[in-house]
Amino acid sequence: MDTRSVLCKILLMVVSRSFSTSSAVPAFSSYDSLFGTRAQLQERLTEYVQDTLSYIETVRDFCNQEQEWTSEREAELKKMRDISENQQEKELGDILTHTLEGLKKLEPFLDAVEKLAVTSTHVFSKQIFRLCGENPEGVKPVIEDARIDARRLIHFKRNPTTFFKPLLDNVNVLIFQLNNYKLNTEQLCDRMRRSVLNGDIYKCKSGQPLVCLIWNTRKNNKNQMLDHLNQLYEIRTNEHTRLAFLFQEKNAQKFIKVFNQRRSNMWQLLKDLEDTAVHLDRMKKGASISTVAGSSVGIVGGVLSLLGIVLVPVTAGTSLGLTVAGATLGGLSAVDGLVTDSTEIALNSQYEHDAKSYMKSYMDDTIEIEDCLKEAINNEGPLVKPSSADAGKITHLTREALRTTVNVFEGFAAITLDKSERGIQAVMVDLETVHLSSTQQLAKAKMLKTVSAVRRISGVLNFLCIGLDGYSIYIESQSLAKGSESKVSKIIRSRVTLWRSELEAWEKMYNSLSIGKETINETQDALEKPFLP
């Protein structure tokens, strides 16, 4: 029977059926609408299924190379720990270049897991369609595994490019965070590997349709399914909806509330820290200029004093006036140096005290926000309520995932970093160390200048004073050439760079959750709702 005969027969059946009903809608119009809805549904369903299989393929590809990826990160961690001992900034930059390349390879995998977690398992029912001629329900375990560990994805919600900057003062924090990424990636792959590597999933033969509809239902039901499918498609493509779904309503609301209470203060604290660093650098520059100028005068005074003594036999003692003038200049230079150092010590101590106060306040706010994130990651219960048939299995796997999460956090606690520093706890140790170091250096310099002043005024050992002044000019000139950045201000700027990256990530998360929280319940209902009416 040719195509024209088939179409004629279908048309006659529709017309005959229209005469037996009281419908006011023309029969051909009803048939055309029914045929159009089915075609749209077929097209949308094929697109949804095709995207799902693409995400599974992405996950499979990364899981196949995960061990190599992990080995590369472990090698980078080892080199970074060596750098924390040897203090080589150029080498750190080279290592982090490779780190960022590795994290770039990780992004498609994380995105695929997140989208699989918000994919409806009900779409893949054997009652609806055939997938490459096979039962499509084999896709369900992959989606369920993605949901169990999906909350781990919250760990990765930051910008690696702005976070992993080659700053030596932050190296221990970078080590901790990279190890965090490595451990969570291993856990995600261990979970997903069980389902995605279990044979080839639906490889269509040449010329075989991807999706073949096998059910027959009413037009109204097809419209409902098309609307439902459009909603599911929107859920999966909307990043705000996906993030809010990972947090769930309670934790999303808590993060929004806590961050909103602290965000303004945290941004202001970062600004205050930057201002403090500027003041410290100005003090350092001013002190360096003063030291160079004072030491130059001291050298002139020392030379005059020596000339006065050397020329005594020739001038019959009249040259001693030069010695007196030189001693006077040397004494003024030394006294000016003592005043400069005393002022620098006092002001630096005040600025450093302010910096420690700002940092402590910032860390207090940070701890509150990180606690919210930990609650969201460790939240009990599945993201989507499973069907009664799968409830026991999903509950067991979810509890297993939570136990693994606890073990991961215990693993973080066991990480031995340089100086036993972890994360932001390193800040106060570093700052206190540098503060003591700079204060001791200034104190030593003050002592030397005191000795220098006494010797110049007394006219004794001026050649030694000239040497000290020359050394001071050399050191401070180098400092001026490098920009006169103090050690304390350098640590402050390094931490501000790190914290700004983190704060920007939280700000983005806050804005995204503020939008996505409105759709959490709708998302939940759409994913739990059976696809076939």
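The structure displayed is predicted, hence computed values, not measured ones.

What counts and how
- Residues numbered from 1 in each chain as written.
- Predicted model: local features only at pLDDT ≥ 70, side-chain atom pairs only at ≥ 80, totals over all residues.
- Heavy atoms only, no water.
- Helix = DSSP H or I, 4+ residues; strand = E, 2+ residues; numbered from the N terminus.
- Buried < 20%, exposed > 50% of the residue type's maximum accessible area, 1.4 Å probe, protein only.
- Contact = heavy atoms within 4.5 Å.
- Areas by Shrake-Rupley, 256 points an atom, 1.4 Å probe, with all protein chains shown as cover.
- Phe/Tyr/Trp six-rings, centres within 6.5 Å; stacked < 30°, edge-to-face > 60°.
- Lys NZ or Arg CZ within 6 Å of the ring centre and 35° of its normal.
- Axes fitted to C-alpha atoms, helices over the stretch in contact; angles between N-to-C directions.
- Left-handed = near helix turned anticlockwise from the far one by under 90°.
- Nonpolar A, V, L, I, M, F, W, Y, C, P; charged D, E, K, R; others polar.
- Salt bridge = Lys/Arg side-chain N within 4 Å of Asp/Glu carboxyl O.
- Core = buried A, V, L, I, M, F, W, Y, C linked by side-chain atoms within 4.5 Å.
- Expected span 1.5 Å × (residues − 1).
- Bend = angle between axes of the 7 residues up to and from the residue.
- pLDDT = per-residue confidence, 0-100.

Asker: Before we go on, may I ask you to explain the overall build of the protein chain in this structure?
Answerer: The secondary structure content of the protein chain amounts to 15 helices and two strands. Here the protein chain, with 533 residues, has 46% of them falling under the buried criterion. A fraction of 87% describes how many contacts in the protein chain between residues 6 or more apart in sequence connect residues 24 or more apart. Here the protein chain has roughly 26600 Å² of accessible surface; of this, 55% comes from carbon and sulfur atoms.

Asker: Sorry, what's going on with the packing of aromatic side chains here?
Answerer: A full pass over the atoms with the stated rule returns ten aromatic pairs. Each ring, one from Tyr 362 and one from Trp 499, has its centre 4.7 Å from the other, and the planes form 15°; the classification is stacked. Of this pair, Tyr 362 sits in helix α10 (residues 320-377) while Trp 499 sits in helix α14 (residues 487-516), placing them 137 residues apart in sequence. Note on Tyr 362: relative accessible area 1%, which makes it buried. Following the ring pairs from residue to residue traces out a cluster consisting of Phe 156, Phe 163, Phe 164 and Tyr 181. Cation over ring: Arg 44 sits above Tyr 233, and NZ or CZ is 4.0 Å from the ring centre. Arg 236 extends its terminal NZ or CZ atom over the ring of Tyr 48, reaching a point 4.0 Å from the ring centre.

Asker: How do you make sense of the packing of helix α3 (residues 89-117) against helix α6 (residues 171-196) when you look at a structure like this?
Answerer: Two numbers describe a pair of packed helices, the interaxial angle and the distance between the axes. Relative orientation of the contacting elements α3 and α6 amounts to 35°, with a least axis distance of 11 Å. Where α3 crosses over α6, the two elements pack in a sense that is left-handed. Each of Leu 92, Leu 96, Thr 99, Leu 103, Leu 106, Phe 109, Leu 110, Val 113 and Leu 116 in α3 lies in contact with α6, whose residues at this interface are Val 171, Leu 174, Leu 178, Tyr 181, Thr 185, Leu 188, Cys 189 and Met 192. Classifying every residue of the contact of α3 with α6 by side-chain character gives 15 nonpolar, two polar and no charged.

Asker: Quick question: what am I supposed to make of unusual backbone geometry here?
Answerer: Although it is not a glycine, Gln 248 sits at a positive phi angle of roughly 70°. Among the secondary structure elements, Gln 248 is positioned in helix α8 (residues 239-310).

Asker: Whenever I open this one, the pattern of salt bridges confuses me. Can you help?
Answerer: Once their charged atoms are close, side chains differing in charge can pair, the charge on each being opposite to the other. Using the criterion set out here, one finds 27 salt bridges in the structure. Lys 78 serves as the salt-bridge partner of Asp 82, at 3.8 Å between the closest nitrogen and oxygen. Remark: Lys 78 and Asp 82 occur in helix α2 (residues 27-86); sequence separation between them is four residues, near one turn of the helix. For Lys 78, a relative accessible area of 54% puts it in the exposed group. Between Lys 490 and Asp 169 there is a salt bridge, with its nearest N and O atoms 3.3 Å apart. Taken as a pair, Lys 490 in helix α14 and Asp 169 in the loop between α5 (160-163) and α6 lie far apart in primary sequence, 321 residues in all. The network of salt bridges with shared partners includes Asp 111, Glu 114, Lys 115, Lys 157 and Arg 242.

Asker: When you look at the nonpolar core in this model, what are you seeing that I'm missing?
Answerer: Nonpolar side chains in soluble globular proteins tend to be buried together. Formed by 104 residues in total, the largest nonpolar core has its most connected members in Leu 45, Phe 109, Phe 129, Phe 247 and Phe 255. Of the residues forming this core, the biggest block, 16 residues, is contributed by α8. Discounting chain neighbours no more than four positions away, the residues touching Phe 255 are Phe 247, Ile 369, Cys 372, Leu 373, Trp 506, Met 509, Tyr 510 and Leu 513.

Asker: What am I meant to see in the environment of Phe 259 here?
Answerer: Tracing the backbone shows Phe 259 in helix α8. For the pair Phe 259 and Asp 365, spaced 106 residues apart in the sequence, the C-alpha separation amounts to 8.6 Å.

Asker: Help me out: how do you make sense of α3 in this one?
Answerer: Within an α-helix, residues lying three or four positions from one another point in the same direction, as the helix has 3.6 residues per turn. For α3, with 29 residues, the first-to-last C-alpha span of 40 Å sits near the 42 Å given by 1.5 Å per residue. At Leu 106, α3 is bent by approximately 30°, the largest bend along its length, and proline Pro 108 sits one to four residues beyond.

Asker: Please explain the confidence of the model for the protein chain as it appears in this structure.
Answerer: One rule of thumb: low pLDDT means the predicted coordinates there are not for detailed reading. Of all residues in the protein chain, 60% attain a pLDDT of 70 or more, and the chain-wide mean is 74. Confidence over residues 14-32 falls short of pLDDT 50; this stretch has seven contacts with residues more than four positions distant or in other chains.

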